[in-house]
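Each chain, letter by letter, is given below.
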Amino acid sequence: MKQLVFHYIWMYLVSLLSTMIFLSLDLPLPWILGPLLAVFILKTVHERDYQLHQSIRNVALL
């Protein structure tokens, strides 16, 4: 359970960092494209299945 929480926190921190990078570069849709790119890179580097919980994903997309 602790490892799952750690992976969620790690995913959110990397997503937040990539969103800040997208914002500073004035790229379009930084709140969606930043985390999308970050999680894609995380999945390819760590070969771990990073997925949001369904209810968190629905709230985040609102």
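Shown above is the structure to which this text applies.
As the structure is a computational prediction, the values presented were derived from the model and not from experiment.

(A) View of helix 1 (residues 2–24). In this model, helix 1 (23 residues) spans 33 Å end to end at C-alpha, consistent with the 33 Å of a helix rising 1.5 Å per residue. All of the buried residues along helix 1 are His-7, Met-11, Val-14, Ser-15, Ser-18, Thr-19 and Phe-22. Buried residues along helix 1 sit against helix 2 (30–46). With its phi angle positive at about 55°, Asp-26 sits one or two positions after the end of helix 1.

(B) Representation of the side chain of Ser-18 in the model. In this structure, Ser-18 sits in helix 1. Setting aside anything within four residues of it in sequence, one finds Ser-18 in contact with Gly-34, Pro-35 and Ala-38.

(C) Molecular detail of the environment of Leu-36. Tracing the backbone shows Leu-36 in helix 2. For the pair Leu-36 and Ser-15, spaced 21 residues apart in sequence, the C-alpha separation works out to 7.7 Å.

(D) Expanded view of the environment of Trp-10. Tracing the backbone through its elements, the reader meets Trp-10 in helix 1. Judged by relative accessible area, Trp-10 falls into the partly exposed class, the value being 36%. For the pair Trp-10 and Leu-42, spaced 32 residues apart in the sequence, the C-alpha separation amounts to 9.6 Å.

(E) View of the packing of helix 1 against helix 2. At a minimum axis separation of 8 Å, helix 1 and helix 2 run at an interaxial angle of 130°. Judged on the interaxial angle alone, helix 2 and helix 1 are oblique. The chirality of how helix 1 crosses helix 2 is right-handed. Across the interface between the two elements, Trp-10, Met-11, Val-14, Ser-15, Ser-18, Thr-19, Phe-22 and Leu-23 of helix 1 pack against Pro-30, Trp-31, Leu-33, Gly-34, Pro-35, Leu-37, Ala-38, Val-39, Leu-42 and His-46 of helix 2.

Parameters and conventions
Residues numbered from 1 in each chain as written. Predicted model: local features only at pLDDT ≥ 70, side-chain atom pairs only at ≥ 80, totals over all residues. Heavy atoms only, no water. Helix = DSSP H or I, 4+ residues; strand = E, 2+ residues; numbered from the N terminus. Expected span 1.5 Å × (residues − 1). Buried < 20%, exposed > 50% of the residue type's maximum accessible area, 1.4 Å probe, protein only. Contact = heavy atoms within 4.5 Å. Axes fitted to C-alpha atoms, helices over the stretch in contact; angles between N-to-C directions. Parallel < 35°, antiparallel > 145°, perpendicular 65-115°, else oblique. Left-handed = near helix turned anticlockwise from the far one by under 90°.

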